[in-house]
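Chain residues, written in single-letter form:
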Amino acid sequence: MRLTDRTGGFSASGRFAVADVLAVANQKGGVGKTTSAINLAAAFGAMERRVLLVDSDPQGNASRGVGWSGRPPTLFDVLSGEASAGEVVVASGFPYLDLLPANRDLVGAEFGLQRDADWIRRLASSLEELDGGYERIFVDCPPALGRLTLNALFAADAVIVPLQCEYFALEGISELLATVQRVRELGRPELEIAGVVLTMYDDRTNLSRDVAKEVRRHFGSVVCDTIVPRNVRLAEAPSYGMPVLQYDIKSKGSQAYLGLAHELAGRRPR
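Cut-off values and rules
Residues numbered from 1 in each chain as written. Predicted model: local features only at pLDDT ≥ 70, side-chain atom pairs only at ≥ 80, totals over all residues. Heavy atoms only, no water. Helix = DSSP H or I, 4+ residues; strand = E, 2+ residues; numbered from the N terminus. Buried < 20%, exposed > 50% of the residue type's maximum accessible area, 1.4 Å probe, protein only. 1 Å grid on protein atoms, 1.4 Å probe; cavity = no way out; pocket = protein on both sides within 12 Å on 5 of 7 lines; lining within 4 Å. Points joined across faces, edges and corners; volume = space filled by probe spheres on them. Nonpolar A, V, L, I, M, F, W, Y, C, P; charged D, E, K, R; others polar. Axes fitted to C-alpha atoms, helices over the stretch in contact; angles between N-to-C directions. Parallel < 35°, antiparallel > 145°, perpendicular 65-115°, else oblique. Contact = heavy atoms within 4.5 Å. Salt bridge = Lys/Arg side-chain N within 4 Å of Asp/Glu carboxyl O.

Considerations on unusual backbone geometry
Inference 1: Geometrically, the link from Pro72 to Pro73 is a cis peptide bond, its omega value of 15 degrees lying close to zero.
Inference 2: Tracing the chain through its elements places Pro73 in the loop between helix H2 (61-65) and helix H3 (75-79).
Inference 3: Backbone geometry places Glu48, a non-glycine residue, at a positive phi of 60 degrees.
Inference 4: Mapped onto the elements, Glu48 comes out in the loop between helix H1 (33-46) and strand S4 (51-55).
Inference 5: Since its relative accessible area comes to 56%, Glu48 is described here as exposed.
Inference 6: Phi is positive for Met200, close to 55 degrees, though the residue is something other than glycine.
Inference 7: With respect to the helices and strands, the residue Met200 is situated in the loop between strand S9 (192-199) and helix H9 (206-219).

The structure is reproduced here in structure tokens:
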């Protein structure tokens, strides 16, 4: 399946037998990217849809955020050709959610991919070999536009862009959009933006309201209606190795990501 419009509508194409692949990307750190990848994956799991979370960040925060503390093999072994994705995938502690984990070894993949003439297709080829019956695959990208992120974008059907409601929110977004266009030109012309997600929103401040207004003015309908607030439970959950839905289902963070998952699942061309 793939996304067919700039606002995130789903339709069948057959490129992946397993799932829609959604890259969660923003080269600016601290925007809630990994938090969004973990909790969107968990929210789709809570909807009883089989989901795979791919940790493509050498920091391994998405892996630890769902309770993984294991040893290799990891995504590094998949990208280096030492293991298949199916051999590396493990169950998380959350229903319907599996994980393709990563750790610091993945730093070596950035250099290893340079020696591969077809390096940009490595993750896509690995995911195509999966036969796990997944309905969604979320790829948590590193906060940089290097080869790991390009690999993830090439594998993806669409991109989710978390954007924090702070002064420098739009800083660097033009670079990400230019990278998306580059990936289209390199052989993925159907790659789309599934949605821009406003994160870390504080409705007590004029700043958050002003930034949200400016982002909606700039990006229009591609900005998701659901806004993710600043929430203590969201910040606490990773330290317990849990998605926030597992840590505190009643929290504002949990409800936001459940709402966002339903919105992304139901979006249609406008």
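Here's the deal with empty space enclosed by the protein
Inference 1: Under the criterion given, the structure shown has three cavities of 30 Å³ or more.
Inference 2: The volume enclosed by the largest cavity comes to roughly 40 Å³.
Inference 3: Contributing to the lining of the largest cavity are Thr35, Ile38, Asn39, Gly65, Leu234, Ala237, Pro238, Met242 and Val244.
Inference 4: Among the elements that take part in the lining of the largest cavity, H1 stands out by supplying three residues, more than any other.
Inference 5: Looking at side-chain class alone, the lining of the largest cavity contains six nonpolar, three polar and no charged residues.

What about the packing of H1 against helix H12 (residues 252-266)?
Inference 1: Close contact between H1 and H12 brings their axes to 8 Å; oriented N to C, the two are set at 75 degrees. Classified by the interaxial angle, the pair formed by H1 and H12 is roughly perpendicular. Two secondary-structure elements touch here, H1 through Thr35, Ser36, Asn39, Leu40, Ala43, Phe44 and Ala46 and H12 through Tyr257, Leu258, Leu260, Ala261, Leu264 and Ala265.

Thoughts on the pattern of salt bridges
Inference 1: For the structure shown, the criterion picks out 13 salt bridges.
Inference 2: Between Arg188 and Asp157 there is a salt bridge, with its nearest N and O atoms 3.8 Å apart. Here Arg188, found in the loop between helix H8 (173-185) and S9, pairs with Asp157, found in the loop between helix H7 (147-155) and strand S8 (158-164); they are 31 residues apart in sequence, far enough to count as distant.
Inference 3: Linked through salt bridges whose partners overlap, the residues forming this network are Lys33, Asp57 and Asp140.

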